[in-house]
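So the chains spell out like this:
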Amino acid sequence: NSADFTQGNLPTALDGTGVSVNGTPMAVSYVSPTQINALIYSNVTSGPAYVSVTNAQGSSIPLLVNVQTLFPGLFTFSPPNNKYAAAVAVSDGAYIAPSGSLGAGVNARPAKPGEIIELYGTGFGPTNPPDTPGILLSGPLPLVSSVQVVFGSTPSPSVPFGGLTASGLYQFNVVVPNVSDGDQQVVVKISNSASQSNVYVPVKAGS
């Protein structure tokens, strides 16, 4: 909550639990008995790194991980809808998912060819200007590299924006191409990397 932020600094511990990479504390957004969500800062050098967790019991034995400058991934909805990209229509704020799939009272529908939707992900690399590690973003930061978004085998005709919109959160405003109705696999390509396979956007003309 707001008490965890001081002068725009991201919290590096919640309920006494923190994560460090090569001895430097990282931002922590969630802790539970079985899971910790932490943000690896953009200034962590790529290559081998040591991750450890600290809480009231002490510090864990550091584990070796590999840090990459690019490791793009799209966020998806929670199960049982986790095959679908977490996407929102710009025009009306509807979630882009099969109608009724997200529960009663939730505005969900397939995307329409030609409309702009928002996709969200992580690990898409540096921005220009760069973010300030450990500090809340004051505004959107565009990616350094251009991106291509492909639906099935058809590239989007336009990606008006791709970049950071919150700490660790990348957003892509994407025009849905003219593709056939049904679930279309969506992939975001940047440099020589691409987001994971088997993530879909449902599309239906006139939806």
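Values in this document were obtained by computation on a predicted structure and should not be read as measured data.

A. Representation of the nonpolar core. Ile117, Leu119, Phe151, Phe172, Val186 and Val201 are the most contacted members of the largest nonpolar core, which totals 27 residues. Those elements that provide at least two residues to this core are strand 9 (87–89), strand 12 (116–122), strand 14 (147–151), strand 17 (169–175), strand 18 (182–190) and strand 20 (200–203). Leu10, Val21, Ala27 and Tyr41 belong to the second largest nonpolar core, which has eight residues in total.

B. The side chain of Thr17, seen in detail. Residue placement: Thr17 occurs in the segment before strand 1 (18–21). With near-sequence residues (within four places) excluded, Thr17 lies in contact with Thr12, Val28, Val31, Ile36, Val53, Thr54 and Asn55.

C. Focus on the layout of surface pockets. Its boundaries defined by the atoms lining it, the largest pocket holds a volume of some 1,100 Å³. Along the wall of the largest pocket there are 41 residues; nearest its centre are Leu39, Ile40, Thr122, Gly123 and Gly168. When residues of the lining of the largest pocket are traced back to their parent elements, those giving at least two are strand 3 (27–31), strand 4 (36–39) and strand 7 (63–67). In terms of residue class, the lining of the largest pocket is built from 23 nonpolar, 16 polar and two charged. There is about 150 Å³ of room inside the second largest pocket. Lining the second largest pocket, in full, are Val19, Val21, Met26, Ile36, Asn37, Ala38, Ile40, Val51 and Val53. Counting residues per element, the ones that place at least two in the lining of the second largest pocket are strand 1, strand 4 and strand 5 (47–55). Per-element tally for the lining of the second largest pocket: the top contributor is strand 4, with three residues. Tallied by class, residues from the lining of the second largest pocket come to eight nonpolar, one polar and no charged.

D. Spatial organisation of the packing of aromatic side chains. Applying the stated rule across the entire model yields three aromatic pairs. The interplanar angle of 80° and the centroid separation of 6.1 Å between the aromatic rings of Phe77 and Tyr95 together place this pair among those described as edge-to-face. You can see Phe77 sitting in the loop between strand 8 (73–74) and strand 9 and its partner Tyr95 sitting in strand 10 (residues 95–96), a full 18 residues away along the chain. By relative accessible area, which is 38% here, Tyr95 ends up partly exposed. The rings of Phe124, Tyr170 and Phe172 are connected pair by pair, giving a single aromatic cluster. It is Lys83 that lies over the ring of Tyr200; its NZ or CZ is 5.1 Å from the centre.

Thresholds, definitions, all that
Going along each chain's sequence as written, the residues are numbered from 1 onward. Two thresholds apply to this predicted model, a pLDDT of at least 70 for residue-level local features and 80 or more for giving and counting side-chain atom pairs, whereas whole-chain, interface and lining totals are computed over all residues. Computation of side-chain values covers all heavy atoms of the structure but excludes hydrogens and water. We define the nonpolar core as a collection of buried residues of types Ala, Val, Leu, Ile, Met, Phe, Trp, Tyr and Cys that are connected through side-chain atoms lying within 4.5 Å of one another. Between buried and exposed lies partly exposed: a residue is buried under 20% and exposed over 50% of the maximum accessible area for its type, with that area taken using a 1.4 Å probe on protein chains only. Every helix listed is a DSSP run of H or I at least four residues long, and every strand listed is a run of E at least two residues long, numbered separately from the N terminus. Whether two residues are in contact is decided by their heavy atoms, any of which lying within 4.5 Å being enough. Think of a 1 Å grid over the protein atoms and nothing else: a 1.4 Å probe that fits but is trapped marks a cavity, an open set flanked by protein within 12 Å on at least five of seven lines marks a pocket, and residues with an atom within 4 Å of a point count as lining. Grid points are joined across faces, edges and corners, and a volume is the space filled by probe spheres set on the points. All amino acids are sorted into three groups, where Ala, Val, Leu, Ile, Met, Phe, Trp, Tyr, Cys and Pro are nonpolar, Asp, Glu, Lys and Arg are charged, and the leftover types, Gly among them, are polar. Ring pairs shown here join Phe, Tyr and Trp side chains whose ring centres sit within 6.5 Å, with only the six-membered ring taken for Trp; geometry is labelled stacked below 30 degrees between planes, edge-to-face above 60, and tilted in between. Each ring is checked for a lysine NZ or an arginine CZ that lies within 6 Å of its centre and within 35 degrees of its normal; such an atom marks a charge sitting over the ring.

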